[in-house]
Amino acid sequence: MARAAVSGRLTWRVARLVSSREENPSARTLVFDVPGWPGHLAGQHVDVRLTAEDGYSTQRSYSLAAPADGDRLELTVQDVADGEVSPYLTEGLSPGDPVEIRGPVGGYFVWRPADTAAPVLLVAGGSGIVPLMAMIRARREASARTPMRLIHSVRTADDRYYTDELRRPQPGLDVTYLYTRRTPEGFSRPPGRLTVADLNTNGWPADFAPDCFVCGPTGFVETAAEILIALGHDARRIKTERFGPSGG
Amino acid sequence: MGIVSPGFHGRRRDTAVKLPPGQYLTEDFPVLTAGPTQHVPLEKWEFVITTELGQKHSWSWQDLLALPSETPTVDIHCVTKWSKLGTEWQGVSLDTLLEDVDTAADYALVQAYGGYTTNLPLDDLLDGQAWIVYRYDGDDLRAEHGGPARLLVPHLYFWKSAKWVRGIQLLDQDEPGFWETAGYHDYGDPWREQRYQGD
């Protein structure tokens, strides 16, 4: 099992919003400047703490969307209906405003371009794409030749993330979308949830021994991981990150 | 007090409830696991306590069910910030399982099907603080929540309550488990907010 990617004391740092951009109608990418940021690995997350004037504070965890870039870091935040933190981050925060960030956290659900020659399968449900996108970007930045396949399940074409970037061809990266509610015109697969056929057709054969990263809502991750095991993948090569509807 | 984020007011929920610092209340039951859900057939299930001298004490599924059970109702706190109040479980107290185990060990390394491990002082498993539970909210414990049986140590962050528990290795020296090796706190007291190393 992965050895520590986090060590020493994790301190809260002041992060100031530099800019933000819309990814889709319910998610924004926020770029923060965090002086003294120690760097991170693709797949890690941070804790974000918000404090009100009267001292009330609350925290949530968010995946890092991009590899380390000096003092800059990017989070993609999906609005959670009735959320306490996400609507403030996506709508209430203006450039220059501070939040506190602590991290990076998590040394297991990570991918390093130099780690292994094994192909990589990324399976994302909705905003589960975020830590997987950091892996795709890390691969590109390192000019790594690791073959990567991304299977992204979204409700409709409007719910995709990083659309322009993923549309640009990258040698060795295959992107497959699955639509659960409505398909774009000309798309032959009917709308529906992830199936054995989807992972069998668009993933890697089990005997290629790929590293599999699965991230999304609990039910999606349960389904994807069980299909991968049924297709013969080694459970030890399947890393998962689940989030419940209560995430903020 | 932390740095104030302008215009952030928060949405304080039930103020009558005192939660550990940094936690928020949830009504549902999120699932967090590092790998796929384990499915352990009951006929193969076994729980083994191994002492620091290598003596093994083991229980089959039938053995476990035959032991006197308790029905703790407890609050649980996940390091990912959610807390869930008044969860109802059924299982066997570790006091019962450790009753006839002759040990002078100070530490326990909990082992799970699938390879997960987590460590804690042996004292934290005793005196009515920990159970091997097999029922939740009136039903058999579902696999995604650690069924057929998981450890329940509600006074520590929930990653210590190993799902799919299969045994406990008693040790003279502390030995960090899966998340502890990856930077999480060795002990994990939610009320002292011991999330990560150095907290």
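Residues numbered from 1 in each chain as written. Chains lettered and ligands numbered in written order. Predicted model: local features only at pLDDT ≥ 70, side-chain atom pairs only at ≥ 80, totals over all residues. Heavy atoms only, no water.

Asks: Hey, could you go over the environment of B:I3 for me, with residue numbers and the actual values?
Replies: Structurally, B:I3 is set in the segment before β1 (24-25). The contacts of B:I3, once residues within four sequence positions are left out, are A:V14, A:T51, A:P98 and A:E100. (Helix = DSSP H or I, 4+ residues; strand = E, 2+ residues; numbered from the N terminus. Contact = heavy atoms within 4.5 Å.)

Asks: Outline the domain arrangement of chain A, listing residues and values.
Replies: Residues and elements named next belong to chain A. Taken as a whole, chain A is organised into domain 1 (2-105) and domain 2 (120-243). In this assembly, 16 residues from domain 1 lie in contact with 15 residues from domain 2. Interface area, domain 1 with domain 2, both sides summed: about 1,300 Å², of which 54% is carbon and sulfur. Run the count over domain 1 and domain 2 and you get one salt bridge. A salt bridge links R137 to E74, with the shortest nitrogen-to-oxygen separation between them at 3.9 Å. Across the domain 1-domain 2 interface, the total number found is seven residue pairs in polar contact (both at pLDDT 80 or more). Going through the elements one at a time, β1 (12-24), β2 (27-33) and β5 (72-78) are the ones with two or more residues in the side of domain 1 that touches domain 2. In the side of domain 1 that touches domain 2, the residues fall into seven nonpolar, six polar and three charged. (Domains from an automatic or database assignment. Buried area = accessible area lost by both parts, 1.4 Å probe. Salt bridge = Lys/Arg side-chain N within 4 Å of Asp/Glu carboxyl O. Polar contact = N/O pair within 3.5 Å; in protein donor to acceptor, adjacent residues only side chain to side chain. Nonpolar A, V, L, I, M, F, W, Y, C, P; charged D, E, K, R; others polar.)

Asks: Before we move on, could you go through helix α2 (residues 129-141) of chain A and cite the residues and values that matter?
Replies: All names here are of chain A. Taking 1.5 Å of rise per residue, 13 residues should cover 18 Å, and α2 covers 18 Å from first to last C-alpha, within 8% of that figure. Among the residues of α2, those classed as buried are I129, V130, P131, L132, M133, A134, M135, I136, R137, A138 and R139. With its phi angle positive at about 50°, S143 sits one or two positions after the end of α2. (Expected span 1.5 Å × (residues − 1). Buried < 20%, exposed > 50% of the residue type's maximum accessible area, 1.4 Å probe, protein only.)

Asks: Lay out the sheet that holds β1(A) in plain terms, naming residues and giving numbers.
Replies: Residues and elements named next belong to chain A. Strand order in this open sheet of six strands is β4-β3-β6-β1-β2-β5, and the pairing throughout is antiparallel. Two strands bound the open sheet, and with one partner strand each, they are β4 (57-63) and β5. Averaged over all neighbouring strand pairs, the angle between strand axes comes to 40°, with direction disregarded. In this structure, strand β3 (residues 45-51) lies alongside β4, joined through seven bridges in antiparallel fashion. Within the sheet, the bridge partner assigned to R49 lies in β4 and is Q59. (Pairing = 2+ DSSP bridges. Axes fitted to C-alpha atoms, helices over the stretch in contact; angles between N-to-C directions.)

Asks: Just give me the short version of unusual backbone geometry, but keep the residues and values in it.
Replies: The omega torsion across A:G103 and A:P104 is 0°, close enough to zero to call that bond cis. Tracing the sequence through the fold places A:P104 in strand β6 (residues 98-105). Cis peptide bonds are those with omega within 30 degrees of zero, and the linkage from B:G147 to B:P148 qualifies with 10°. Here B:P148 is to be found in the loop between β9 (139-140) and β10 (150-152).

Asks: So what about the interface of chain A and chain B? Which residues, and what values?
Replies: With 49 residues of chain A at the contact, the number on the chain B side is 43 residues. Carbon and sulfur atoms make up 53% of the surface buried where chain A meets chain B, a total of about 3,900 Å² over both sides. The interface formed by chain A and chain B includes two salt bridges. Across the pair A:R102 and B:D199 runs a salt bridge whose closest N-O atoms are separated by 2.3 Å. Taken together, the links from chain A to chain B amount to 14 residue pairs in polar contact (both at pLDDT 80 or more).

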